[in-house]
Amino acid sequence: MISLIIPCFNEQDALPYFYSEICKILDQMREEYELIFVDDGSTDKTLITIKLFAENNKNVVYFSLSRNFGKEAAMYAGFCNARGEYVAVMDADMQDPPCLLPEMLHILKEKEVDSVATRRISRDGEPLLRSWFAKQFYKIINRISDADIVDGARDFRLMKKDMVNAIVKMGEYNRFSKGIFGWVGFKTYWISFENVERIAGRTKWNFWKLFKYALDGIINFSQMPLSIASWLGIGMTGVSVIILLILIFRRLYFGDPVAGWASIVCIIIFLGGLQLFCLGVIGQYIAKLYMESKNRPHYIIADTNQEQIEKIG
Ligand code: UDP
Ligand code: MG
């Protein structure tokens, strides 16, 4: 059986297109399947739409979260409750083309791999600034973390059950799936496709949200910022010792005409800023630690058409 997990947050416009397309393709594939719609606290008619699907199709499973927990939590709820031997996550807006599924399943069955992942090779239709920042993010995170994160990788990938179990085991509260997929390893086959624009509705990500998501990714998968903070400290101490020696030398040999106070103020502000910056970096990690130590559930399911599921996980 194939389980498809579809996180939906205010997707009433896109869902009908997605549903008819995915049903067409699954029917062609002649595989047993379940469509797991995770309603991530939508405020529009998303849940009603999904319930309509479920009335007419017994393969439709839905979970409605008690509020908007974010896509990562919605995906996790899906992973925890997927029953299929093969599991995939798909966006509801058709940006993860359903037509790739048959090929992905074929590769998974034929080749000796545990997952088939997708990446987009273009970012057409996306704001230029956003593309540029995305590129820089992938460059940086691959240099400083040990999770292998591919540029343009989508969350859309078909995985075998073993890999899904590993992902569920990674119960961290601050989830960054692109990193988690890479971290758990397993053999992955990559297929590429040209970017597809969202079919209806609006993106849930603005620039600022994406920027914060990228920073979270770095903090979750690398300790490099902490090292940078300590190296900056050591570097500045070194520089100050050198300056001190120069000053002593100048005092002894040339006397000491009164120098401007402006330079001193600059130095104080510079060092103060640097200290606050490093404290901020440490603070970011402590904040993560704090959330992690509370051990709160990732999601809470308020409504579903299934009986035996993990309602809180
Ligand atoms: N999504 C979600 N919860 C959120 C935000 C987004 O479940 O808080 C879902 C959304 O419904 C969609 C997928 O995540 O199915 C990707 O979102 P979107 O298309 O807005 O992101 P983009 O493709 O623009 O990066
Ligand atoms: Mg999208």
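So, here's what we can say about the structure. Treat the numbers as computed from the prediction; the structure is a model and nothing was measured.

### Looking at the pattern of salt bridges
Any two side chains of opposite charge can pair, on the condition that their charged atoms come close.
Next up, step 1: Taken as a whole, this structure holds 13 salt bridges when the rule is applied.
Next up, step 2: Between R83 and E34 there is a salt bridge; the shortest N-O distance is 2.6 Å. Highlighted residues: R83 in the loop between α3 (71-81) and β4 (86-89) and E34 in strand β2 (residues 33-39), separated in sequence by 49 residues.
Next up, step 3: For R83, a relative accessible area of 52% corresponds to the exposed category.
Next up, step 4: The residue D93 makes a salt bridge to R198 at a minimum N-O spacing of 3.3 Å. Of this pair, D93 sits in the loop between β4 and α4 (101-110) while R198 sits in the loop between β7 (188-193) and α8 (207-221), and the two are 105 residues apart along the sequence.
Next up, step 5: On the basis of relative accessibility, which here comes to 3%, the residue D93 falls in the buried class.

### Structural notes on the site of ligand 1
Next up, step 1: The immediate surroundings of ligand 1 are formed by 17 residues, with E11, D40, D93, Q95 and T203 found nearest.
Next up, step 2: In this structure, a nitrogen atom belonging to ligand 1 sits 2.6 Å away from a side-chain N or O atom of D40.
Next up, step 3: Within the backbone of K204, one N or O atom sits 2.7 Å away from an oxygen atom of ligand 1.
Next up, step 4: Coverage of ligand 1 by the protein amounts to 92% of the 530 Å² it exposes when considered alone.
Next up, step 5: In terms of residue class, the shell around ligand 1 is made up of five nonpolar, four polar and eight charged.

### Here's the deal with the state of the cysteines
Next up, step 1: All told, the structure shown has zero disulfides when counted by the stated rule.
Next up, step 2: Free cysteine: C8, not disulfide-bonded; nearest cysteine sulfur from C23 at 13 Å.
Next up, step 3: A relative accessible area of 0% places C8 in the buried class.
Next up, step 4: The thiol sulfur of C80 is not disulfide-bonded, and the nearest other cysteine sulfur, from C8, lies at 17 Å.
Next up, step 5: Note on C80: relative accessible area 24%, which makes it partly exposed.

### Quick notes on α3
Each full turn of the α-helix corresponds to 3.6 residues, which orients residues three or four apart in the same direction.
Next up, step 1: Of all the eleven residues making up α3, nine are buried; the element is thus mostly covered by neighbouring parts of the structure.
Next up, step 2: The complete set of buried residues in α3 reads E72, A73, A74, M75, Y76, A77, G78, F79 and N81.

### With respect to the layout of surface pockets
Next up, step 1: Considering only enclosed or pocket space, the second largest pocket measures out at about 390 Å³ in volume.
Next up, step 2: In terms of lining, the second largest pocket is formed by 15 residues, of which the most central are I243, L247, S263, I264 and I267.
Next up, step 3: Elements supplying a minimum of two residues to the lining of the second largest pocket: α9 (224-254) and α10 (261-294).
Next up, step 4: Looking at which element gives the most residues to the lining of the second largest pocket, the answer is α9, with eight residues.
Next up, step 5: For the lining of the second largest pocket, the class distribution of residues is ten nonpolar, four polar and one charged.

### A look at the packing of helix α1 (residues 15-29) against α4
Next up, step 1: The geometry of α1 relative to α4 is characterised by a closest axis approach of 10 Å and an angle of 40° between their N-to-C directions. When the axes of α1 and α4 are compared, the pair comes out oblique. Here I22, I25 and M29 of α1 lie close against α4, whose contacting residues are L101, P102 and L105.
Next up, step 2: Within the contact of α1 with α4, the residues separate by chemical class into six nonpolar, no polar and no charged.

### Quick word on the sheet that holds strand β8 (residues 301-304)
Next up, step 1: Taken together, the eight strands give an open sheet; going across it, the order is β7-β5-β6-β4-β1-β2-β3-β8, and neighbouring strands pair in mixed fashion. Each edge of the open sheet carries a strand with a single partner, namely β7 and β8. Going across the sheet, the axis of each strand differs from the next one's by a mean of 20°, ignoring polarity.
Next up, step 2: Examined bridge by bridge, strand β5 (residues 115-120) and strand β6 (residues 153-160) share four bridges and lie antiparallel to one another.

### A look at α8
Next up, step 1: With 15 residues, α8 ought to run about 21 Å at 1.5 Å a step, and its terminal C-alpha atoms sit 21 Å apart, in line with that.
Next up, step 2: Taken as a whole, α8 has its buried residues at Y213, A214, G217, I218, I219 and F221.

### Section: the packing of aromatic side chains
Next up, step 1: Inspection of the entire model under this criterion finds 16 aromatic pairs.
Next up, step 2: When the centroid spacing of 5.2 Å and the interplanar angle of 65° are considered together, the rings of F137 and Y138 count as edge-to-face. For the residue pair F137 and Y138, the accessibility class agrees, reading buried in each case.
Next up, step 3: The rings of F137, Y138, F176, W205, Y213 and F221 are connected pair by pair, giving a single aromatic cluster.

Rules behind the numbers
- Residues numbered from 1 in each chain as written.
- Chains lettered and ligands numbered in written order.
- Predicted model: local features only at pLDDT ≥ 70, side-chain atom pairs only at ≥ 80, totals over all residues.
- Heavy atoms only, no water.
- Salt bridge = Lys/Arg side-chain N within 4 Å of Asp/Glu carboxyl O.
- Helix = DSSP H or I, 4+ residues; strand = E, 2+ residues; numbered from the N terminus.
- Buried < 20%, exposed > 50% of the residue type's maximum accessible area, 1.4 Å probe, protein only.
- Near = heavy atom within 4 Å.
- Polar contact = N/O pair within 3.5 Å; in protein donor to acceptor, adjacent residues only side chain to side chain.
- Areas by Shrake-Rupley, 256 points an atom, 1.4 Å probe, with all protein chains shown as cover.
- Nonpolar A, V, L, I, M, F, W, Y, C, P; charged D, E, K, R; others polar.
- Disulfide = S-S within 2.5 Å.
- 1 Å grid on protein atoms, 1.4 Å probe; cavity = no way out; pocket = protein on both sides within 12 Å on 5 of 7 lines; lining within 4 Å.
- Points joined across faces, edges and corners; volume = space filled by probe spheres on them.
- Axes fitted to C-alpha atoms, helices over the stretch in contact; angles between N-to-C directions.
- Parallel < 35°, antiparallel > 145°, perpendicular 65-115°, else oblique.
- Contact = heavy atoms within 4.5 Å.
- Pairing = 2+ DSSP bridges.
- Expected span 1.5 Å × (residues − 1).
- Phe/Tyr/Trp six-rings, centres within 6.5 Å; stacked < 30°, edge-to-face > 60°.

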